[in-house]
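A look at the structure
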Amino acid sequence: MTPTVSPALFDQFARGWRAYVLVGLIALLSASFGLTRMPPMDIDESRFTQATRQMVETGDYVRIRLQDAERNRKPIGIHWLQAASVNALEPATGRINTIWPYRLPSVLGLVLASLAALWGGSVLIGRRAAAIGASLYAAGILAGIEAMTAKTDSVLVGLTTLALAALARLRFAEDGAPKRTYALVFWAAIGAGILIKGPVTPLVAGLTLAALWFWEKRADWMKPLAWWPGPLLALAITLPWLIAIGVVTEGRFYTSLLSNELGPKLAGEDSSHGGPPGYHLLFLSVLIFPATYAFAAAARVSWGAVRALRNDAQKAPLRFLLAWAIPSFVFFELMPAKLMHYALPTYPAIALLCGAGLVAWYGRPWRTTQPIGLVLFAVSGALIVAILAFAATFMPGQFDTDVRRAVSAGVIGALTLAAAFAGLVLLRRPAAKAAVLIACSLVFSFSLRERLMPESRSLWASNEITAVLTRARLLPTEERALWVAGYTQPSLIFLTRTSIHLSEPEEIGTRAQPGDSIVIEGRALQPTLDALAANDLRFEPAEPPVRAHALSRGERVVLSIGTVEASGAAAAGRTPPT
């Protein structure tokens, strides 16, 4: 499908290094919204960052801990990347519980995924379509959110996309091309992907290879993958940590893997997040926005590839993208554990298909494609606008203020969507349509992650707790402990000290000392007061209770913050200090 040379300005631009710069800048911009302003998020992000923080504090870069609990079943690669970022930037931040250095590896993950999509897509669907598809992925709603979040998923997608791009280069390499170099890149990405999230990268690559072999009935192009330095390179990347973690845990790492569900544990998944088949497909049009508009065009070119003969060389690149996207997407749909970001490794392939569809659409009489694309775009965009309006209601203020903010956010979002809709109707060239889609998505991402969410203080309970502790001069120190009853979010650990105590009321009553700081969630208030009273102690509030939402629990919480003091009788019996 290599296109003929076009004199169009965008085609001239896309053929050079400038296309990589453009795609990289879009990815950086998409990932940067909220990078420094969004507080640490519960539960996953704060678990990852707190575990990395403990690595930096202790200097132990082999074990993974969350306070005193070991989490060694989880791959360590993301913690190494975050620790490197924190150590490099600590002089600039001055402290290791500043969140944005932990997020930088995820930002680079989106950049890597976007550039790899362009690199691999160029040989599959041509540089113009690949540039459009990679840009649509870089500006995607979910891809940007994950790139701003200090977790594994953005880096995982970057490495998985690099592995598949190397496979694409290998599959369609011309005579004299460095096929063994492509194989080495593939195996390096596989090894690094295992260190980030266990079997996910090999799984997506393996499903793609298997689907291609089944579809095309040929595997001769895969022979360079068997060149022995490739698998050895992947082994060299993963084996040192596997040996080290086995030694430091005295074999408990391997026994825990064997005694649990191997796949989900290696992948870092929580099997408690269930959902029926169709879960990922239901949310796909919103999560991959703005590529939603090109779904119909992508389906049209994909159907043409499905109907073609298996030896049709012109359709082979599309077969590769379908083999990348569909088997892995179906696998994630059939998995019992489901969260929205689980299917993210398939999104670059879907975005490239959308880019191919947009380019193929130009100049063709596809009468139903435009209406379907506009409807999908409008419905998905309207849902995002509704989310923007809803997020505005969590800012501080009374009910009438919330309504005004929600209306303002909704109007701005609706105007943005309407302008994009008009541009899609009036403009015909694929590059112009792509520019409209990317601009619309970036405006939505900026509004949500840079303006609305950071100012929605009631969504960030741990931040509000930390603010009260700071104002009351009750932050934990070596001499003063912080006890927490009924509120167990890891973001509070990250924002304060690793040594804080998330405890039951009875333990607080027996171990707390006068002068200690304490945080009590509403449902644990009376049991904690009773436990303190039983030990001649009392709770002295510092400020009125904090009312907020615990996002990870999906419920409101009321948090009382203050100090532990000796009761009147106990204080009267003490000898005054000299």
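The structure under discussion appears in the preceding block.
Criteria and thresholds
Residues numbered from 1 in each chain as written. Predicted model: local features only at pLDDT ≥ 70, side-chain atom pairs only at ≥ 80, totals over all residues. Heavy atoms only, no water. Helix = DSSP H or I, 4+ residues; strand = E, 2+ residues; numbered from the N terminus. Rg over C-alpha atoms; globule rule 2.2 N^0.38 Å. Buried < 20%, exposed > 50% of the residue type's maximum accessible area, 1.4 Å probe, protein only. Contact = heavy atoms within 4.5 Å. Areas by Shrake-Rupley, 256 points an atom, 1.4 Å probe, with all protein chains shown as cover. Lys, Arg positive; Asp, Glu negative; His and termini not counted. Charge placed at Lys NZ, Arg CZ, Asp CG, Glu CD. Patch = residues over 30% accessible without salt bridge, like charges linked within 9 Å, V, L, I, M, F, W, Y side chains within 5 Å. Salt bridge = Lys/Arg side-chain N within 4 Å of Asp/Glu carboxyl O. Pairing = 2+ DSSP bridges. Axes fitted to C-alpha atoms, helices over the stretch in contact; angles between N-to-C directions. Parallel < 35°, antiparallel > 145°, perpendicular 65-115°, else oblique. Left-handed = near helix turned anticlockwise from the far one by under 90°. Nonpolar A, V, L, I, M, F, W, Y, C, P; charged D, E, K, R; others polar. Expected span 1.5 Å × (residues − 1).

Per the secondary structure count, the protein chain includes 25 helices and 8 strands. In terms of C-alpha radius of gyration, the protein chain reaches 26 Å, essentially the compact-globule figure of 25 Å for 578 residues. For the protein chain, buried positions account for 54% of its 578 residues. Of the contacts made within the protein chain by residues no fewer than 6 positions apart, 75% connect residues no fewer than 24 positions apart. Total accessible area computed for the protein chain in this model is approximately 25100 Å², and 64% of it derives from carbon and sulfur atoms. Distance from the positive charge centre (52 side chains) to the negative charge centre (39 side chains) of the protein chain: 13 Å.

All right, on to unusual backbone geometry then. The phi angle of most residues is negative, glycine excepted, and most peptide bonds adopt the trans form. Between aspartate 42 and the following residue, isoleucine 43, the backbone shows a cis peptide bond with an omega angle of 0°. A cis amide bond links phenylalanine 289 with the next residue in sequence, proline 290, at an omega value of 20°. Tracing the chain through its elements places proline 290 in the loop between helix H14 (279-287) and helix H15 (295-307). You will see that glutamine 67, though not glycine, has its phi angle at about 55°, which is positive.

A contiguous nonpolar patch, built from Trp228, Leu232, Leu235, Leu239, Ile243 and Val247 and spanning about 620 Å² of accessible area, is present on the exposed surface. On the secondary structure map, tryptophan 228 appears in the loop between helix H10 (200-216) and helix H11 (229-248).

What follows covers the pairing of strand E8 (residues 555-566). Pairing between strand E5 (residues 517-521) and E8: 5 bridges, direction antiparallel. Within E8, the position partnered with isoleucine 518 by the bridge is glycine 562. As judged from the 5 bridges shared by strand E6 (residues 537-541) and E8, these two strands associate in the antiparallel manner. What sits directly across from arginine 538, in E8, is glutamate 565. In this sheet, E8 lies alongside strand E7 (residues 546-550) in antiparallel orientation, the contact comprising 5 bridges.

Relative orientation of the contacting elements helix H8 (residues 153-171) and helix H16 (residues 316-334) amounts to 155°, with a least axis distance of 11 Å. As the angle between them shows, H8 and H16 are arranged roughly antiparallel. As for the relative orientation of H8 and H16, their crossing is right-handed in sense. Between H8, through Thr161, Leu164, Leu167, Ala168 and Arg171, and H16, the contact on the second element is made entirely by Ala316, Phe320 and Trp324. Counted by class, the contact of H8 with H16 contains 6 nonpolar, 1 polar and 1 charged residues.

Now for helix H9 (residues 179-197). Taking 1.5 Å as the rise per residue, H9 with 19 residues should run 27 Å; its terminal C-alpha atoms sit 27 Å apart, in good agreement. Phi turns positive, to about 60°, at glycine 198, one or two residues after H9.

Mapped onto the fold, serine 154 is located in helix H8. Overall, the relative accessible area of 4% leaves serine 154 in the buried class. Those residues in contact with serine 154 that sit more than four places away from it in its chain are Ser106, Gly109, Leu110, Glu146 and Ala147.

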